[in-house]
Amino acid sequence: MPSYKAPVQDVMFLLNDVLGYESHGNLPGFADATPDLVEAILSEGARFCEEVLAPLNPVGDRAGCTRDGEGNVTTPKGFKEAYETYRENGWIALSMPEEFGGQGLPTTLNSIIQEFMSAANLAWGMYPGLSQGAAAALAVHGSQEQKALYLSKLASGEWSGTMNLTEPHCGTDLGLIKSKAVPQGDGSYKISGQKIFISAGEHDLTENIVHLVLARIEGAPEGTKGISLFIVPKFLPDGDGKPGARNPVSCGSLEEKMGIHGNATCVMNYDGATGWLLGEENRGLNAMFVMMNEARLAVGIQGLGQSEVAYQNALAYARDRLQGRSLTGPKNPDGKADPIIVHPDVRRTLLSIRTFNEAARALVLWTALKSDTSHRSDDKAAAQAADDHMGLMTPVIKGVLTDKGFDNAVAAQQMLGGHGYIEEWGMSQFVRDARITMIYEGANGIQALDLVGRKLPRDGGRAVMAFFNEVGTFLKDNAGEEAVAPLLGPMKAGLDDLQKATMWFMNNAMAEPDNAGAGSTDYMHLFGTVALGYMWARMAKASAAALASGASGDDRFHETKLTLARYFMERHMPETSLRLSRISAGAETMMGLDADAF
């Protein structure tokens, strides 16, 4: 059976030594969450994920969810008990508002726990994860009455939440939705239509499920300008705020999927179900995008989680599996063969995955801290800059971390050879589960288009110019740092390639939009490589300082960081020149064939 160990030490290094967690102490929620308390919280969360969730991962994969003749869905054995433990220990409420029963702690902590859960049991972690997204939309767009009723129940975990966007005929193009809402004259609406691919749409973990549903009010404009968002609970709340009469919303079927078998992916039928408007009429996408942006960052974290757990199990195999001899002579002279970790190509695979994982974790936490700043800071300039960062990095984190997370899961599976193809070893589940992260919450091609078409030019390019300035300033300020200097040449070359690619779009995409589309995925990965490289440069600086001070307490940890940073710069950063070359090729050849010539 595969195993998992949460990277608590690495997280604490990032928070304390690299990203300046304590400098955020002026923000609400941070003063109470001291570094010592944070470490205690994360250690306890790690224990839950390692000891409770990870053993359930293969159970959920084999058993899946089941639906009875009346549309009721049962989750795999052990899921409900694990959820109850999670709920009772207050994990769902970790970063939710205190006024509605939450603990009000930094969102950053929730992001860390999300990685641990996603690595230990992705399918299970989606249940509370979707509730947190629904709570975010309610917190921003809900009325005081809606917040009082629904947020308190979501924070306690008594109720769970979903998002209902996709219909059989439309996914990305939400302007095509057919679900309709008919006003009832009392502030409520009757919602009718069908939604598909609804994660956690029906299950037995909570006493009620709060569906957030996109629909078009009768007479509303066509397209996205006529879409509204509605709160449609499974059970209508009674006068005491408890589940009352059953609403006519049901699970018509469970999807048969490649992976995440432990999560109920449902076809949801709305047959005149009662719902209430969330936010403004005909501005449903504004409200839904709060939830979608939360979800996109969470999905990026899922990609990282699957990459991390796949790496850990590939590493364990590489240390134990005896095959062949080292090219430089036996390293296990008392045995008939050496462990495969002595072979350079095995090390290439492992180091490529690990250096991605550790930089991706840093990028996630850097962005999570920006999220806390954006939502909690009284400094308008700081909040705006943080919000700019969030908008720019959301498609990068979602697209790059899930593309690479899947690739890394496949590479880790390859490490086990034939055993990786056998179900009992667990590697195929990581591959199958990781695959969905590239698709849902906006397929990665859409993320790339969003980055190039919307995020780069937004506010006159303010966000991307701030990123260029920050990385450029780091390179300049650290040019004399002996331990970091070897990293700065590759880092500068990568930044130069990114700036050239950005300028190429400015000069060539306005007149010919297909140039932007043709280069968008390469640009997203070019941007991601530079951002990950910047994280490695910052980590290397922190580790070099710790070693120089003589008080690190773990010299091997920091020496390893420096070696990993060099590996990333040598092996990953050169990819930026390839990406730039592809972008600069433009769209002419790509768009040259008629459709019937394919």
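Residues numbered from 1 in each chain as written. Predicted model: local features only at pLDDT ≥ 70, side-chain atom pairs only at ≥ 80, totals over all residues. Heavy atoms only, no water.

J.: Residue-level account of the overall build of the chain, with values.
T.: A tally of regular secondary structure across the chain gives 16 helices and eleven strands. Relative to the 2.2 N^0.38 estimate, which gives 25 Å for 598 residues, the radius of gyration of the chain is 24 Å and therefore close to what a compact globule would have. Principal axes of the C-alpha set define a box for the chain whose edges measure 80 × 60 × 60 Å. Here the chain holds 598 residues, and the buried ones make up 58% of them. Taking contacts inside the chain between residues at least 6 apart in sequence as the whole, the part at least 24 apart equals 73%. Carbon and sulfur atoms provide 51% of the accessible area of the chain, an area that totals close to 24,900 Å². Each charge class in the chain can be summarised by its mean position, and for the 52 positive and 72 negative side chains these summaries are 3 Å apart. (Helix = DSSP H or I, 4+ residues; strand = E, 2+ residues; numbered from the N terminus. Rg over C-alpha atoms; globule rule 2.2 N^0.38 Å. Buried < 20%, exposed > 50% of the residue type's maximum accessible area, 1.4 Å probe, protein only. Contact = heavy atoms within 4.5 Å. Areas by Shrake-Rupley, 256 points an atom, 1.4 Å probe, with all protein chains shown as cover. Lys, Arg positive; Asp, Glu negative; His and termini not counted. Charge placed at Lys NZ, Arg CZ, Asp CG, Glu CD.)

J.: Which residues make up the side chain of T206, and what values go with them?
T.: With respect to the helices and strands, T206 occurs in the loop between β5 (188-199) and β6 (208-217). Accessibility expressed as a relative area gives 11% for T206, which makes it buried. Within the structure, the side chain of T206 is placed 3.1 Å from the side chain of S160, a separation counted as a polar contact. Looking at T206, its side chain comes within polar contact range of the main-chain oxygen of N208, at 2.9 Å. Once residues lying within four places of it in the same chain are set aside, the contact partners of T206 are Y83, G157, E158, W159 and S160. (Polar contact = N/O pair within 3.5 Å; in protein donor to acceptor, adjacent residues only side chain to side chain.)

J.: Tell me about the pattern of salt bridges, and name the residues and values.
T.: All chains considered together, the criterion is met by 27 salt bridges. The shortest N-O distance in the salt bridge between R579 and D522 comes to 2.8 Å. With R579 in helix α16 (residues 575-584) and D522 in helix α14 (residues 513-549), this residue pair connects regions lying 57 residues apart in the sequence. An identical accessibility class is assigned to R579 and D522; each is buried. Between R582 and D522 there is a salt bridge, with its nearest N and O atoms 3.2 Å apart. With R582 in helix α16 and D522 in helix α14, this residue pair connects regions lying 60 residues apart in the sequence. (Salt bridge = Lys/Arg side-chain N within 4 Å of Asp/Glu carboxyl O.)

J.: Describe the packing of aromatic side chains, listing the residues and the values that go with them.
T.: What the rule picks out here adds up to 16 aromatic pairs. On the basis of an interplanar angle of 40° and a centroid distance of 5.3 Å, the ring pair of Y21 and F30 is categorised as tilted. Judged on exposure class, the residue Y21 and its partner F30 are both buried. Within the aromatic cluster, the residues linked to one another by ring pairs are F467, F468, W504, F505, Y523 and F527. The cationic tip of R246 hangs over the ring face of F235; the distance from NZ or CZ to the ring centre is 5.4 Å. Note that R435 overlies the ring of F406, its terminal NZ or CZ placed 5.5 Å from the centroid. (Phe/Tyr/Trp six-rings, centres within 6.5 Å; stacked < 30°, edge-to-face > 60°. Lys NZ or Arg CZ within 6 Å of the ring centre and 35° of its normal.)

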